[in-house]
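Okay, here's what each chain looks like letter by letter:
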Amino acid sequence: MKIASVVGARPNFIKLAPVHKALARNPEIEHTIIHTGQHYDFEMSEIFFKEFKLPKPDINLKVGSGTPGYQTGEMIKRIEKVLLRSGFDLVMVYGDTNSTLAGALAAVGSKTRLAHVESGLRSFDRRMPEETNRVLTDHISNYLFASTRTAVGNLRKESVQGDIVYSGDLSVEIVDEAVRAGAKSDVLDRLSLEPKSYVLLTIHRVENTTASPHNLATIIKAIKALKDTTIVFPIHPRTLKAIKDSRHLPALSRCKNLRMIKPLGYVDFVKLARNASKIVTDSGGVQKEAFLLKVPCITTRRNTEWVETVDLGWNKLVGSSDAQAIIEAVQKWAPVGKKPRAVFGQGKASAIVRDRIVSLLESKIEEN
Ligand code: UD1
Ligand code: UDP
């Protein structure tokens, strides 16, 4: 059974890790990892392969950065070539990045069956490139693994044609493992931080960086105003570029409350997240992780695909055009009442994905 996983960006590698481990337990599966090259800095790519003990990608297509059309187009061409040459029984894609959509379109083009892990999520905001990537990928997938019951409902409402399975979300098992591994992480000492004495910040959405100088300036205004709050900010390369281009870097460097650091590896990041008093973010993965770690999350977006985190009171959507809303949430807001529930499944997603794939592929192989 020949399976290819197409990955390219940080969240893809993190999701690949438990799936690869699960697939590796079945000797009949030959798993090939195709890296598109969307992310290429050590801290955005290789660090995760090392940390999760993933094998080096079998193929790196080295597409790199570019406009969405260039990047996705180049990926499709190069992935399709590999798929046509090597003949796989299944292509797997993860999440909602350009690498996800490119892998999906190349699978369809090369008449290879397609599985989408983390399918069915919707922000219902088509201004986000990720929303387009999710919708298109879901509608051309043969096998759809949904992270939440809401995601299953979204897929049914859209009448997608593939086989839908509720798997739960991979983050449950990934975060658990990272928390265990975090016992050995010295990230708090390295950064001279006491537990619960700081806010963790991550920002990288297009709408908060390159596409909106106003939103970026608003977030920066909030950082400056929160001068009595230590803010730790592992900076995504897109955000660093936007900060430099908009000439905010000198002023931010002077902010005594702000610790700008390079992106971290996963175990260090989860340890930092777990020990934060609050998290401010526009990341999809980080909203989920905050919920699983029971850390209040303030999301600088107007909407989210992880609606359960908001409904259960652990995530507050504050947008990114009103600095006061961000400041007040950091200073005053706290989750009330509701306890986090197991809305992301029981931590068995990778085994569920593998078992379903094996049984579906076996039945297809018998049919042929
Ligand atoms: C991508 C995904 C986004 C995901 C994010 C995770 C899409 C449309 N977006 O956004 O869904 O949340 O990854 O981190 O696929 N850059 C570097 N080094 C790198 C990678 C990027 O310097 O290793 C810089 C380049 O200037 C590049 C910019 O970051 O142009 C944006 O990178 P890109 O991969 O296009 O999008 P992300 O913002 O990373
Ligand atoms: N992450 C990390 N190091 C960092 C910042 C984030 O390991 O410095 C992890 C984080 O835990 C998250 C994952 O990277 O689950 C992907 O997050 P990102 O915000 O890049 O993408 P998104 O989830 O929004 O697609």
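An unreviewed UniProt entry annotates the chain as UDP-N-acetylglucosamine 2-epimerase originating from Nitrososphaera viennensis EN76.

**Q** Break down helix α10 (residues 237–245) for me, citing the residues and quoting the values.
**A** If you check which residues of α10 are buried, you get T239, A242 and I243. All buried residues of α10 fall inside an arc of 100 degrees around its axis, so they share one side. With respect to the buried face of α10, the exposed residues turned more than 90 degrees away are K241 and D245. For α10, the elements touching its buried residues are α9 (213–225), β9 (230–234) and α11 (249–254). Immediately downstream of α10, the backbone of R247 shows phi near 60 degrees, a positive value.

**Q** How would you summarise the side chain of H236 if you had to cite specific residues and measurements?
**A** Tracing the chain through its elements places H236 in the loop between β9 and α10. H236 gets classed as buried once you look at its relative accessible area, which sits at 10%. Among all residues touching H236, those that are not within four sequence positions of it are R10, H39, M44, I203 and H204.

**Q** So, the sheet that holds strand β13 (residues 315–317): which residues are in play, and what are the values?
**A** Within the open sheet, the 6 strands sit side by side as β10-β9-β8-β11-β12-β13. Their pairing is parallel. Whereas interior strands pair on both sides, the edge strands pair on one side only; in this sheet they are β10 (258–261) and β13. Shown here is a sheet whose adjacent strand axes are inclined to one another by a mean of 20 degrees, direction ignored. Bridging between strand β8 (residues 198–202) and strand β11 (residues 278–281) involves 4 bridges; their strand directions are parallel. Directly across from V199, in β11, lies its bridge partner K278. On top of the sheet, helix α13 (residues 284–292) reaches β8, β11, β12 (297–299) and β13; it is set at about 165 degrees to β11, its chief contact. Here helix α15 (residues 323–332) sits on the sheet in contact with β8, β11, β12 and β13, set at roughly 160 degrees to β11.

**Q** Help me get a handle on the pattern of salt bridges, residues and values and all.
**A** Taken as a whole and assessed by the stated rule, the structure comprises 21 salt bridges. A salt bridge links K262 to E43, with the nearest nitrogen and oxygen atoms 3.3 Å apart. On the criterion of sequence distance, the pair formed by K262 in the loop between β10 and α12 (266–274) and E43 in the loop between β2 (30–35) and α2 (46–51) is long-range, its members being 219 residues apart. Judged by its relative accessible area of 19%, E43 falls in the buried class. A salt bridge links R127 to D125; its shortest N-O distance comes to 3.1 Å. Look at R127 and you get exposed, because its relative accessible area is 60%.

Rules and cut-offs
- Residues numbered from 1 in each chain as written.
- Chains lettered and ligands numbered in written order.
- Predicted model: local features only at pLDDT ≥ 70, side-chain atom pairs only at ≥ 80, totals over all residues.
- Heavy atoms only, no water.
- Buried < 20%, exposed > 50% of the residue type's maximum accessible area, 1.4 Å probe, protein only.
- Helix = DSSP H or I, 4+ residues; strand = E, 2+ residues; numbered from the N terminus.
- Arc of directions from axis to C-beta.
- Contact = heavy atoms within 4.5 Å.
- Pairing = 2+ DSSP bridges.
- Axes fitted to C-alpha atoms, helices over the stretch in contact; angles between N-to-C directions.
- Salt bridge = Lys/Arg side-chain N within 4 Å of Asp/Glu carboxyl O.

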